[in-house]
Amino acid sequence: MIARISFFLVSVAAAFIATGCASRPTSIDAQWASPSIAGRDTIQNVLVIAALRDSTQRRMLEDRMVGALAAAGVTAVPSHRFLADSGQVSEDQLREAVAGAGASFVLISSISGITTDVRVTPGMVTGPGWGPGRGRTTSMGPSWRGMTTYYNSAWSRSIPPEVRTTQNLHGDTRLFDVASSEVVWSTATTTVVSRGNAATQIDGFVRLIVETLQRDSLI
């Protein structure tokens, strides 16, 4: 089981992106629960791991997840008490962390990827005014109503296109059962990043994960 978790941490390490932005509500893209966990008692003794490169945000996520789980009646501890902020861990290090925490389950959250949505609203240009108007006839046509009028009409009839970009953080959270050496629950999420701070983004993510675990009757 420890080797499997170690491999999972190593395989996603390259995609861990720390951001300082707040996000709109995180949404669930996909969710799975093993039949082996159905009907069992609620989980307890959870080691929480945030697989993030930024040590500050890692600690924030782990501490807030532990706090939210505690509020739901689950005993949990953050991995930063047992694992250094050096990134990848060995199997022996992970074994020691699990044993030191007395964990029956390990909850690992990571950022699995990032995408950018681009939305373009086309611009619009209307034709110039044309008609008798004021002034004399020129080679451009009959009366353009003077230079000022022409400039103002040219400005108003041209609407530039609008381009909006949205950055999406794709998360992957898995619950490992230490006894069975299996993933027993997992969920894939998308967080739309907007202006703000990391604390707001993390709080929204933690809230959704804990609520989803409650809906699945795991806590």
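Residues numbered from 1 in each chain as written. Predicted model: local features only at pLDDT ≥ 70, side-chain atom pairs only at ≥ 80, totals over all residues. Heavy atoms only, no water.

Engineer: Mind laying out the overall build of the chain, listing which residues take part and the relevant values?
Structural biologist: A count of helical and extended segments in the chain gives 5 helices and 11 strands. With 219 residues in all, the chain has 39% of them scored as buried. Restricting to contacts in the chain with at least 6 residues of sequence separation, those with at least 24 account for 78%. Accessible surface, the chain: about 12200 Å² in total, of which carbon and sulfur atoms supply 53%. (Helix = DSSP H or I, 4+ residues; strand = E, 2+ residues; numbered from the N terminus. Buried < 20%, exposed > 50% of the residue type's maximum accessible area, 1.4 Å probe, protein only. Contact = heavy atoms within 4.5 Å. Areas by Shrake-Rupley, 256 points an atom, 1.4 Å probe, with all protein chains shown as cover.)

Engineer: Describe the nonpolar core, with residues and values.
Structural biologist: Judged by nonpolar contacts, the single largest core of 28 residues is most densely connected at Val46, Leu61, Met65, Leu69, Leu175 and Trp185. Sorting the residues of this core by element identifies strand E3 (46-51), helix H2 (55-71), strand E5 (105-121), strand E10 (162-177), strand E11 (182-194) and helix H5 (198-215) as the ones contributing at least two each. A total of 6 residues in this core trace back to one element, the largest contributor, which is H5. Beyond its immediate stretch of four places on either side in the chain, leucine 69 contacts Val48, Val74, Ala76, Leu107, Val210, Leu213 and Ile219. (Core = buried A, V, L, I, M, F, W, Y, C linked by side-chain atoms within 4.5 Å.)

Engineer: Please give an account of the pairing of E3 that cites residues and values.
Structural biologist: The buried fraction of E3 amounts to 6 of the 6 residues, a majority that puts the element mostly inside the structure. Because side chains alternate across E3, one face comprises the buried residues Val46, Val48 and Ala50, and the other comprises Leu47, Ile49 and Ala51, equally buried. With 3 bridges joining them, E3 and strand E4 (residues 76-78) adopt parallel strand pairing. Following the sheet pairing, leucine 47 is matched in E4 by valine 77. As for the winding sense of the linkage, the β-α-β connection from E3 through H2 to E4 is right-handed. Two strands pair when backbone bridges link them, and E3 and E5 are joined in this way by 6 bridges, in the parallel orientation. Across the sheet, alanine 51 pairs through a bridge with serine 110, a residue of E5. (Pairing = 2+ DSSP bridges. Right-handed = clockwise from strand over helix to strand, strands pointing away.)

Engineer: Outline the confidence of the model for the chain, listing residues and values.
Structural biologist: For the chain, the average pLDDT comes to 79, and 72% of its residues sit at 70 or higher. Confidence, expressed as mean pLDDT per element, reaches its minimum in the chain at strand E1 (residues 22-23) with 40 and its maximum at E4 with 96. Below pLDDT 50 for its whole length, residues 7-23 participates in 56 contacts with residues either more than four positions away or in separate chains. (pLDDT = per-residue confidence, 0-100.)

Engineer: Quick one: what's the story with helix H3 (residues 91-101), residue by residue and with numbers?
Structural biologist: Buried within H3 are the following residues: Leu94, Ala97, Val98 and Ala101. Taken down its axis, H3 places every buried residue within 95° of arc, on the same side. For H3, the exposed residues set more than 90 degrees away from the buried face come down to Asp92, Glu96 and Ala99. In the segment just after H3, glycine 102 is the residue with positive phi, at about 60°. (Arc of directions from axis to C-beta.)

Engineer: Give a detailed account of H5, specifying residues and quantitative values.
Structural biologist: In this model H5 runs 26 Å from its N-terminal to its C-terminal C-alpha over 18 residues, within 8% of the 26 Å that 1.5 Å per residue would give. Those residues of H5 not exposed but buried are Ala198, Gln201, Ile202, Gly204, Phe205, Val206, Leu208, Ile209, Val210, Thr212 and Leu213. Just past H5, the residue serine 217 takes up positive phi, approximately 60°. (Expected span 1.5 Å × (residues − 1).)

Engineer: Let's hear about the pattern of salt bridges: which residues, and what values?
Structural biologist: Scanning the model with the defined rule gives 6 salt bridges in all. Linking arginine 58 and glutamate 62 is a salt bridge whose minimum nitrogen-to-oxygen distance equals 3.1 Å. With arginine 58 and glutamate 62 both in helix H2 and 4 residues apart, the pair spans about one turn of that helix. This pair shows no difference in class: arginine 58 is buried, exactly as glutamate 62 is. The partner of aspartate 203 in a salt bridge is arginine 64, and the shortest N-O contact between them spans 2.8 Å. On the criterion of sequence distance, the pair formed by aspartate 203 in helix H5 and arginine 64 in helix H2 is long-range, its members being 139 residues apart. (Salt bridge = Lys/Arg side-chain N within 4 Å of Asp/Glu carboxyl O.)

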